[in-house]
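What follows is each chain in one-letter form.
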Amino acid sequence: MSILSIWKSRLIIAAITATTALPATRCLAEDGIDTRSKLTVNATADTKVAPDSVTLRFAIESREEEVTDAARKTSEQVTRVVQFLKDRGIEARDIRTESIVLSPIYPSGQKGQYAKQGYSNQASQGFGDLFSDEPQIQATQTEAPQPTVRDQLQQNQPIGYSASRQLTIMVRDIKQFEAIYTGILERGVNSIAGIQWMNSDQIQHRRAARMKAVAAAYEKASDMAGALDAKVKRVLSVQESHRGSDPFGNSMQLFGSESEGGSIEAGMMTISASVQVVFELSDTEFDN
């Protein structure tokens, strides 16, 4: 077969392929416009389960006059707390240090004082002074000298330092939680960032909630389509939506005060799943 014959055969095959694919494209959209009737439905389903473990986030903060004293005191308290947790059966893999913070403590109203003073000095020499017709008065030797940057920095000295560490622990035996909570407070913990109740089969429960949400979306779409004298033809797209939330959002600051006693109830967890489903509708009067 000659080269010319081969090229002719390829052109014939390409033409047949293009002719076959063209009607399918026109069925979906005519002139680039999608004419299908669509219905978008949002649905949410919840599943209630009992938690069997809990995650606790807390912090230890020390305030001392010297920075080394603050850091050392915080480190000693953390060591006591971690040893207590291990004695209560909390494994090392379930204890994690989240952050270490060391910051100066300034007298009330003094922090940032230099920046404000510098701005006020510049504001006193505005554009009105630069373009005024009146002669500028030169500074005399009797005026007090303006403080230098070094002078102002030396005046703005901290009165102490704060050293803190934030830790997160997982208590897998939920019955021990209240005893562990009381024990860490007695050993220096003075800030609780929050708790997160969990269930070991949480993935399976979320899957069940997701299936319930999809079923609810279909039921909702069928009801709405029936009210419009139409029917659900097929599903065009499904998307799961997540509701962002901070699992440790409920915080309780304990620095400088005593914690109140009382039982900590786990209650029931709510595992939710939300979906958005786009359905294609067919008109029962014209589309059989």
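The structure displayed is predicted, hence computed values, not measured ones.

Definitions and cut-offs
- Residues numbered from 1 in each chain as written.
- Predicted model: local features only at pLDDT ≥ 70, side-chain atom pairs only at ≥ 80, totals over all residues.
- Heavy atoms only, no water.
- Helix = DSSP H or I, 4+ residues; strand = E, 2+ residues; numbered from the N terminus.
- Buried < 20%, exposed > 50% of the residue type's maximum accessible area, 1.4 Å probe, protein only.
- Contact = heavy atoms within 4.5 Å.
- pLDDT = per-residue confidence, 0-100.
- Phe/Tyr/Trp six-rings, centres within 6.5 Å; stacked < 30°, edge-to-face > 60°.
- Core = buried A, V, L, I, M, F, W, Y, C linked by side-chain atoms within 4.5 Å.

> Just give me the short version of the overall build of the protein, but keep the residues and values in it.
Of the regular secondary structure elements, the protein holds seven helices and 10 strands. Buried residues in the protein amount to 26% of all 288 residues. Of the contacts formed within the protein by residues at least 6 apart in sequence, a portion of 91% connects residues at least 24 apart.

> Lay out the confidence of the model for the protein with the relevant residues and their values.
With 64% of its residues at a pLDDT of at least 70, the protein reaches an overall mean of 76. Segment residues 112–132 is flagged for pLDDT under 50; beyond a separation of four residues in sequence, or across chains, it makes eight contacts in the model. Counting contacts from residues 244–262, a segment whose pLDDT is below 50, to residues more than four positions away or on other chains yields 28 contacts.

> Can you tell me about the packing of aromatic side chains, naming the residues and giving the values?
Summed over all chains, the structure comprises three aromatic pairs. Plain terms: the ring middles of Phe177 and Trp197 are 5.7 Å apart, the flat faces sit at 65° to each other, and that makes the pair edge-to-face. Of this pair, Phe177 sits in helix 6 (residues 177–186) while Trp197 is found in strand 7 (residues 191–198), placing the two residues 20 residues apart along the sequence. For Trp197, a relative accessible area of 19% corresponds to the buried category.

> So, helix 6: which residues are in play, and what are the values?
For helix 6, the set of buried residues is Phe177, Ile180, Tyr181, Gly183, Ile184 and Leu185. Just downstream of helix 6, Gly188 is the residue with a positive phi angle, here 120°.

> Quick one: what's the story with the nonpolar core, residue by residue and with numbers?
Counting residues in each nonpolar core, the largest one holds 25 residues, and the members touching the most others are Leu56, Phe58, Leu85, Ile169, Ile184 and Val189. Within the residue set of this core, elements represented by two or more residues are strand 4 (53–64), helix 2 (67–87), strand 6 (160–171), helix 6, strand 7 and strand 10 (269–283). When near neighbours in sequence (up to four residues on either side) are disregarded, Leu56 contacts Leu167, Thr168, Ile169, Phe177, Tyr181, Ile184, Ile192, Gly194 and Ile195. Counting residues in each nonpolar core, the second largest holds 13 residues, with Ala217, Val232, Val275 and Phe279 among its members.

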